Amino acid sequence: MLLEGKVAIVTGGTRGIGFEIVRKYLANGAKVVLFGSRKETVDKALAKLKEENADWEVDGMFPKLTDAAEVEKAVLDVKEKFGKVDILVNNAGISQSTPLYDYTPEEFDKVIDLNVKALFYAILPAAKVMKEQGGGCIINTSSMVSISGQPSGVGYPTSKSAVNGMTFSLARELGKDNIRVNAVAPGVTKTDMVAALPQAMVDAISAKIPLGRPGEPEDVANAFLYLASDLASYVTGEILSVDGACRS
Ligand code: NAD
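The residue count restarts for each chain, going from 1 along the sequence in the order it is written. Totals for whole chains, interfaces and linings use all residues, but because this is a predicted model, local features are given only for residues with pLDDT of at least 70 and pairs of side-chain atoms are given and counted only at 80 or more. No hydrogens and no water enter the side-chain calculation; it runs on all heavy atoms of the structure.

### What to know about the packing of helix α3 (residues 68–82) against helix α4 (residues 105–133)
A pair of packed helices is captured by two measures, namely the crossing angle of their axes and the spacing between those axes.
Reasoning step 1: Close contact between α3 and α4 brings their axes to 8 Å; oriented N to C, the two are set at 30 degrees. What the angle tells us is that α3 and α4 run roughly parallel. The crossing of α3 and α4 is right-handed. Side by side, α3 and α4 meet where Ala68, Val71, Glu72, Val75, Leu76 and Lys79 of the first sit next to Tyr121, Ala122, Pro125, Ala126, Val129 and Glu132 of the second. Lines are fitted to the C-alpha atoms to define the axes, a helix being fitted only along its stretch in contact, and any angle between axes, read from their N-to-C directions, falls within 0 to 180 degrees. Helix and strand definitions follow DSSP, with helices as H or I runs of at least four residues and strands as E runs of at least two, each counted in order from the N terminus. By the definition adopted for this analysis, an angle is roughly parallel if under 35 degrees, roughly antiparallel if over 145, roughly perpendicular if from 65 to 115, and oblique otherwise. Handedness of a crossing is defined here by the sense of rotation of the near helix relative to the far one, left-handed for an anticlockwise turn of less than a right angle and right-handed for a clockwise turn. It only takes one pair of heavy atoms within 4.5 Å for two residues to be counted as in contact.

### Details of the pattern of salt bridges
Reasoning step 1: What counts as a salt bridge is simple: a side-chain nitrogen of Lys or Arg found within 4 Å of a carboxyl oxygen of Asp or Glu. If you walk through the whole model with that rule in mind, you get 13 salt bridges.
Reasoning step 2: For arginine 23, the salt bridge identified is with glutamate 20, shortest N-O distance 3.1 Å. In this pair, arginine 23 and glutamate 20 are both assigned in helix α1 (residues 16–27), three residues apart and thus about one turn of the helix distant.
Reasoning step 3: Summary of the burial criterion: residues with accessible area below 20% of their type's maximum are buried, those above 50% are exposed, and those between are partly exposed, where the area comes from a 1.4 Å probe applied to protein chains only. For glutamate 20, a relative accessible area of 14% corresponds to the buried category.
Reasoning step 4: For glutamate 216, the salt bridge is made with lysine 190, and the minimal N-O distance between the two is 3.0 Å. With glutamate 216 in the loop between α8 (199–206) and α9 (217–228) and lysine 190 in the loop between β6 (179–186) and α7 (192–195), the pair connects residues that are 26 residues apart, well separated along the chain.
Reasoning step 5: Taken together, the shared-partner salt bridges in this structure form one network comprising Glu20, Arg23 and Glu52.

### A look at the sheet that holds strand β7 (residues 239–242)
Sheet strands associate in pairs through backbone hydrogen bonding, adopting either a parallel or an antiparallel arrangement.
Reasoning step 1: The sheet built from seven strands is open, its strands ordered β3-β2-β1-β4-β5-β6-β7 with parallel pairing. Lying at the two open borders of the sheet, with one neighbouring strand each, are β3 (58–61) and β7. Pairwise comparison of adjacent strand axes, ignoring direction, gives a mean angle of 20 degrees for this sheet.
Reasoning step 2: One requirement defines pairing of two strands: DSSP has to find at least two bridges between them. Where β6 lies against β7, four bridges are found, and the strand directions are parallel.

### So, helix α6 (residues 155–174)
Reasoning step 1: For α6, built from 20 residues, the straight-helix expectation of 28 Å at 1.5 Å per residue is met to within 8% by its first-to-last C-alpha distance of 28 Å.
Reasoning step 2: Those residues of α6 that fall on the buried side of the exposure criterion are Gly155, Tyr156, Pro157, Ser159, Lys160, Val163, Asn164, Met166, Thr167, Leu170, Ala171 and Leu174.
Reasoning step 3: Of the surrounding secondary structure, the elements contacted by the buried residues of α6 are α4, β5 (136–141), α5 (145–148), β6, α7 and β7. Take the number of residues in a helix, subtract one, and multiply by 1.5 Å to get its expected span.

### Topic: the site of the ligand
Reasoning step 1: Looking at the ligand, there are 25 residues lining it, with Arg15, Asn91, Tyr156, Thr189 and Thr191 nearest.
Reasoning step 2: One of the side-chain nitrogen or oxygen atoms of tyrosine 156 is found 2.6 Å away from an oxygen atom of the ligand.
Reasoning step 3: Definition of a polar contact: a pair of N or O atoms within 3.5 Å, with one able to donate and the other able to accept a hydrogen when the atoms are protein atoms, and with sequence-neighbouring residues admitted only if both atoms are side-chain atoms. Within the contact set of the ligand, an oxygen atom lies 2.5 Å away from a side-chain nitrogen or oxygen of threonine 191.
Reasoning step 4: Here the open area of atoms and residues is found with the Shrake-Rupley method and a 1.4 Å probe, where only the protein chains shown may cover a residue. Burial of the ligand by the protein chains amounts to 89% of its free accessible area of 820 Å².
Reasoning step 5: Within the residue set of the shell around the ligand, elements represented by two or more residues are α1, α6 and α7.
Reasoning step 6: Examining the composition of the shell around the ligand, we find that three residues originate from one element, α7, more than from any other.
Reasoning step 7: Class assignment of the residues belonging to the shell around the ligand gives a composition of ten nonpolar, twelve polar and three charged. In these notes, residues near a molecule or strand are those with any non-hydrogen atom within 4 Å of it. Each residue is assigned to one of three groups, with Ala, Val, Leu, Ile, Met, Phe, Trp, Tyr, Cys and Pro labelled nonpolar, Asp, Glu, Lys and Arg labelled charged, and all others, Gly among them, labelled polar.

Take a look at the structure:
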């Protein structure tokens, strides 16, 4: 098993891509704490996972990810309970497709707060724990639109380009502490996030996918598994596209 004995935190682990990452990590021997937004959704996800395999060591918390102090406390609670934090997956995110002329500054802030600032809030305490224990691994969630842009909803690609910048920079800064920092950039993936987009937008993107289909959450979770494992021991500062080669 690729993650035997590792302790992982996965934000937004209650559904979609995050839930698949949690399942993959558990199935590969990790202990996982998923961070969700509400107690009910966290409890539901934990029940589903325990039903699949009662031996999996999985726990859940629901800190407000946009509150630096709450996130720091949650990360330190994980260290307290499990003794270390080997892997931090920053997966939680929101999408936005509002046209520019209807966009409000409040909407823009909301996207940046969760998709960018919340990553920094989680990385800060986690990196300190990882440095102290001699190493670790951080995986952020970017998007293919961080490179291509998208025809409306400027906040979302802006936020994901910022994720790339954070990933490149922290890989350079934290290498000396044996902390690898990478990101996965999914393309169109079949989750609630895509179900919420205008169908015309999804159809237009899907028609351009060279592999001829949108991604499944498991396709994306496999990349998170690889990057968290020792198979990627010399991989850092990488944005790994999982998009069927759909980049425009
Ligand atoms: P999803 O909507 O199914 O899941 C999003 C997750 O983020 C959920 O677990 C949700 O609870 C959590 N979340 C949302 N708002 C939150 C908040 N305020 N506080 C805490 N948690 C919150 O979407 P998904 O497709 O699984 O997206 C996961 C990640 O993948 C996101 O970062 C997204 O930007 C990225 N992504 C998705 C696609 C896609 O096509 N689905 C493409 C590129 C990138």
